Amino acid sequence: MEQITQSIQHTLKQLASDSVLTTAPLCSEVPLFNINALGDWTYLGTSLPTKFAKLFASILHCIESEYFLITPVEKVRVQVEDAPLLIIDFEPSQCHTWLDVRTSIETEHHHIDIKQMKLTEDSIYLPLERGLWGKLGRACYYNFVNEFNLSDLDEE
């Protein structure tokens, strides 16, 4: 089952090339998917199982501050409350400038440049692929602050 899911994810990523981003027609102006501030996905108001959220996340794009699931034949609008992905764990590189992260829907993202992070009064956001940002979950936020002296990152 896991191999089939990985194969589907790989195929979807290949199909969602740059040319498709601009040529795929928008399916509906109304968002069919919603991602709340906790990273939970719903489809037309119904909770989406993690395995489907993970699959759809592989084709999620942010274009000019709008979110879409993009395939070769259509784009589907996605409403995002805060950040589309909630980061729950990270592994720093030896030089402490790159991270590998894991999200609440079990996606993994590698070589994240922490010098590109966004800081707000109560959150830390890390840049991911396809224009997406991940927000550090509460426990991950405290682990991150304990691991890094953010003022030291500016000096590197």
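Up top you'll find the structure we're talking about.
First, a word on scope: everything that follows refers to the structure included in this document. Values in this document were obtained by computation on a predicted structure and should not be read as measured data.

### Focus on the overall build of the protein chain
Check the secondary structure of the protein chain and you find 5 helices and 12 strands. Taking all contacts inside the protein chain whose residues are at least 6 apart in sequence as the whole, residues at least 24 apart take part in 52%. When the accessible surface of the protein chain is split by element, carbon and sulfur atoms take 51% of a total near 9,300 Å².

### Details of the sheet that holds strand β9 (residues 108-113)
Overall, mixed pairing links the 6 strands, which are arranged β9-β8-β7-β12-β11-β10 in an open sheet. A strand with exactly one partner marks an edge of an open sheet, and here the two such strands are β9 and β10 (118-119). Of the strand pairs in this sheet, strand β11 (residues 124-127) and strand β12 (residues 133-136) are connected by 3 bridges, and their pairing is antiparallel. Residue pairing for β12: Y125 is matched across the bridge by K135. Packing of helix α4 (residues 138-147) onto the sheet brings it into contact with β7 (85-92), β8 (98-103), β11 and β12, and relative to β7 it is tilted by some 30°.

### Some points on the nonpolar core
Residues W41, L99, L126 and F144 are the most contacted members of the largest nonpolar core, which totals 31 residues. If near-sequence neighbours (up to four positions away) are discounted, L99 is found in contact with F90, E91, P92, H109, H110, H111, I112, I114, L126, F144 and F148.

### Some remarks on the pattern of salt bridges
Inspection of every chain in the model, using the stated rule, returns 5 salt bridges. Taking the shortest distance from any N to any O, the salt bridge between E66 and R77 comes out at 2.7 Å. Placement of E66 in strand β5 (residues 66-70) and of R77 in strand β6 (residues 75-80) is noted, with a sequence separation of 11 residues between them. Classification of R77 as buried rests on a relative accessible area of 13%. Between D82 and K135 there is a salt bridge, with the nearest N and O atoms lying 3.0 Å from each other. Taken together, the residues D82 in the loop between β6 and β7 and K135 in strand β12 connect sequence positions 53 residues apart. The class of D82 is partly exposed, set by a relative accessible area of 28%. We classify K135 as buried; its relative accessible area is 18%. Beyond isolated ion pairs, a larger network of salt bridges with shared partners links E29, E66 and R77.

What counts and what doesn't
- Residues numbered from 1 in each chain as written.
- Predicted model: local features only at pLDDT ≥ 70, side-chain atom pairs only at ≥ 80, totals over all residues.
- Heavy atoms only, no water.
- Helix = DSSP H or I, 4+ residues; strand = E, 2+ residues; numbered from the N terminus.
- Contact = heavy atoms within 4.5 Å.
- Areas by Shrake-Rupley, 256 points an atom, 1.4 Å probe, with all protein chains shown as cover.
- Pairing = 2+ DSSP bridges.
- Axes fitted to C-alpha atoms, helices over the stretch in contact; angles between N-to-C directions.
- Core = buried A, V, L, I, M, F, W, Y, C linked by side-chain atoms within 4.5 Å.
- Buried < 20%, exposed > 50% of the residue type's maximum accessible area, 1.4 Å probe, protein only.
- Salt bridge = Lys/Arg side-chain N within 4 Å of Asp/Glu carboxyl O.

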